[in-house]
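Below are the chains, spelled out letter by letter.
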Amino acid sequence: GQQLNQSPQSMFIQEGEDVSMNCTSSSIFNTWLWYKQDPGEGPVLLIALYKAGELTSNGRLTAQFGITRKDSFLNISASIPSDVGIYFCAGQWGKLTFGQGTILTVHP
Amino acid sequence: DSGVTQTPKHLITATGQRVTLRCSPRSGDLSVYWYQQSLDQGLQFLIQYYNGEERAKGNILERFSAQQFPDLHSELNLSSLELGDSALYFCASSLVGTGGIGELFFGEGSRLTVL
């Protein structure tokens, strides 16, 4: 079945640093999505990407749908303490498949 | 607030017991999805319903079952509970079913602890 490899598994950064995480797959997808899960909450959609090569921003977040349709990345610029949480990528081709998540810790 | 309501928020029970988790989707959403999140943090897809009918099945154990009612709320039934069933169970809803865009809206989850 479809599997997503999300990396890194965890990140420990200082406030103000930029963050980059990515997802790769052996399968192609027609939609890529990025979700964030705050501690004790359910995942919340951050960015949705619908077209290969698409680059979309949402505030300090930028995500891209890879040209091959097999990968996507998420960048967070100038991180702040409230960026902590688990970030999930998800790819869709028919069904939706989630990555294993990246745990982000931001030190003040 | 995603608009998806899950109850109960916390549940503690014993091995061998049966529990029911309830989910009310966002107003107007026809699809309901159930996910299990264990300590290893990943979201494991269990099952999806669309407008009352089962649409997709994931890694759902035979001891687990679900249904979606005419008013579109859904219930996940977990029986013969084992210690390993302790996890966060999320419900999510979307307007469309498989083949549509994957913009799922998640509830806050039900944390199940099996002792």
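Coordinates for the structure precede this section.
These figures come from a predicted structure and were not determined experimentally.

Cut-off values and rules
- Residues numbered from 1 in each chain as written.
- Chains lettered and ligands numbered in written order.
- Predicted model: local features only at pLDDT ≥ 70, side-chain atom pairs only at ≥ 80, totals over all residues.
- Heavy atoms only, no water.
- Disulfide = S-S within 2.5 Å.
- Helix = DSSP H or I, 4+ residues; strand = E, 2+ residues; numbered from the N terminus.
- Buried < 20%, exposed > 50% of the residue type's maximum accessible area, 1.4 Å probe, protein only.
- Contact = heavy atoms within 4.5 Å.
- Buried area = accessible area lost by both parts, 1.4 Å probe.
- Salt bridge = Lys/Arg side-chain N within 4 Å of Asp/Glu carboxyl O.
- Nonpolar A, V, L, I, M, F, W, Y, C, P; charged D, E, K, R; others polar.
- Pairing = 2+ DSSP bridges.
- Axes fitted to C-alpha atoms, helices over the stretch in contact; angles between N-to-C directions.

This brings us to the state of the cysteines. Following the criterion strictly, the structure yields two disulfides over all chains and no others. Note that A:Cys23 is cross-linked by a disulfide to A:Cys89, the S-S spacing being 1.6 Å. Because the torsion about its S-S bond is -75 degrees, the bridge between A:Cys23 and A:Cys89 counts as left-handed. On the criterion of sequence distance, the pair formed by A:Cys23 in strand E3 (residues 19–25) and A:Cys89 in strand E9 (residues 85–93) is long-range, its members being 66 residues apart. Here the two residues A:Cys23 and A:Cys89 agree in accessibility, since each one is buried. In this model, B:Cys23 is linked to B:Cys91 through a disulfide, with the two sulfur atoms separated by 1.8 Å. Disulfide B:Cys23-B:Cys91: torsion about the S-S bond near -55 degrees, hence left-handed. In this pair, B:Cys23 is assigned in strand E3 (residues 19–24) and B:Cys91 in strand E9 (residues 87–94), connecting sequence segments 68 residues apart.

Facing the 18 residues of chain B at the interface are 21 residues of chain A. Both sides together, the interface formed by chain B and chain A hides about 1,500 Å², and carbon and sulfur atoms give 54% of it. Viewed at the interface, chain A and chain B are joined by zero salt bridges. Taken together, the residues that form the side of chain B that touches chain A break down as six nonpolar, nine polar and three charged.

Residue and element names in this part refer to chain B. With antiparallel pairing, four strands are arranged side by side in an open sheet as E1-E3-E8-E7. Only two strands of the sheet have a single neighbouring strand rather than two, namely strand E1 (5–7) and strand E7 (64–68). Here the average twist between neighbouring strands, direction ignored, is 15 degrees. Pairing of E1 with E3, which is carried by three bridges, proceeds in the antiparallel orientation. Of the residues in E3, the one forming a bridge with Thr5 is Ser24.

With respect to the element layout, A:Gln100 can be found in the loop between strand E10 (95–98) and strand E11 (102–107). In this structure the C-alpha to C-alpha distance between A:Gln100 and A:Ala90, which are ten residues apart in sequence, comes to 9.4 Å.

The next thing to look at is the pattern of salt bridges. All names here are of chain B. Scanning the model with the defined rule gives six salt bridges over all chains in all. Among the salt bridges present, the one from Arg26 reaches Asp29, with a minimum N-O distance of 2.8 Å. Three or more residues are tied together by salt bridges with common partners; here these are Arg63, Glu82 and Asp85.

All names here are of chain A. Read from one edge of the open sheet, five strands run E1-E3-E8-E7-E6, paired in antiparallel fashion. For this open sheet the edge positions go to strand E1 (4–7) and strand E6 (55–58), each flanked by a neighbour on one side alone. Along the sheet, successive strands turn relative to each other by an average axial angle of 15 degrees, direction set aside. Here four bridges tie E1 to E3, and the two strands are oriented antiparallel to one another. Residue pairing in the sheet places Ser7 in a bridge with Asn22 of E3.

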